[in-house]
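In case you want the letters, here they are:
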Amino acid sequence: MSARGKLLAVMGDEDTVTGFLLGGVGELDKHRRPNFLVVEKETSLAEIEEAFRPCARGPWGRVSGVPVSPCSSNLSRRSFLAREDIGIILISQCLAELIRHAVEAHSRPLPAVLEIPSKEHPYDPTKDSVLRRARGLFAPDDLR
């Protein structure tokens with residue numbers, strides 16, 4: 001019996017996510033949770049953060065008028081960082097900036113978090129947390 005590989009997860013605007021879905025990245029797990037999040041103007045910061053990590057440290061939310069902690073909401077159960085079947089999370093750099101504290105708090109090797117450009121926002125290497133960490137591993141002379 002062969003082991004199944006890990007999935008890519010994608011978080012971004014509609015055009016970015018659609019491009020990856022057309023490339024065959026989209027899947028549902030056995031609990032029918034997608035491995036992608038399309039962020040629109042109506043998407044709240046709490047929803048973005050909860051899709052990224054298991055427990056947002058933001059204010060309590062409301063479900064059907066009842067206050068709930070971020071850890072108990074259904075969104076937190078579909079967090080990409082909490083899923084064992086995801087190996088890489090691709091996140092638009094502009095979204096990563098919105099939840100920078102959560103991106104930088106992630107220190108495990110898997111899933112790897114890679115920041116990608118979007119149609120509206122070009123890639124800025126000075127904001128990429130992975131690139132900043134990699135630069136810290138080498139002396140400036142090693143990069144020439």
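Residues numbered from 1 in each chain as written. Predicted model: local features only at pLDDT ≥ 70, side-chain atom pairs only at ≥ 80, totals over all residues. Heavy atoms only, no water.

Going by the annotation in an unreviewed UniProt entry, the name recorded for the protein chain is V-ATPase 14 kDa subunit, with Piaya cayana given as the source organism. Looking at the protein chain in UniProt, the text filed under Sequence similarities (unreviewed entry) is "Belongs to the V-ATPase F subunit family." (UniProt positions renumbered as here; feature names shortened; annotations may be inferred.)

(A) Spotlight on helix 2 (residues 45-52). For helix 2, every residue scored as buried is listed here: Ile48, Glu49, Glu50, Ala51 and Phe52. Packed against the buried residues of helix 2 are strand 1 (7-12), strand 2 (36-38), strand 5 (86-92), helix 3 (93-98), helix 4 (100-105) and strand 6 (112-116). (Buried < 20%, exposed > 50% of the residue type's maximum accessible area, 1.4 Å probe, protein only. Helix = DSSP H or I, 4+ residues; strand = E, 2+ residues; numbered from the N terminus. Contact = heavy atoms within 4.5 Å.)

(B) Quick look at the side chain of Ser79. Within the element layout of this structure, Ser79 appears in the loop between strand 4 (66-68) and strand 5. A polar contact of 3.5 Å, which involves the side chain of Ser79, links it to the backbone oxygen of Arg53. The residues contacting Ser79, other than those within four sequence positions of it, are Glu50, Ala51, Phe52, Arg53 and Pro54. (Polar contact = N/O pair within 3.5 Å; in protein donor to acceptor, adjacent residues only side chain to side chain.)

(C) Spatial organisation of the sheet that holds strand 6. If you walk across this open sheet you meet the four strands as 2-1-5-6, and the pairing is parallel. The two strands at the open ends of the sheet, each matched to only one other strand, are strand 2 and strand 6. Direction aside, the axes of adjacent strands within the sheet are offset by 20 degrees on average. Bridge count for strand 5 against strand 6 is five bridges, and the pairing is parallel. Opposite Leu90, over in strand 6, you have Leu114 as the bridge partner. (Pairing = 2+ DSSP bridges. Axes fitted to C-alpha atoms, helices over the stretch in contact; angles between N-to-C directions.)

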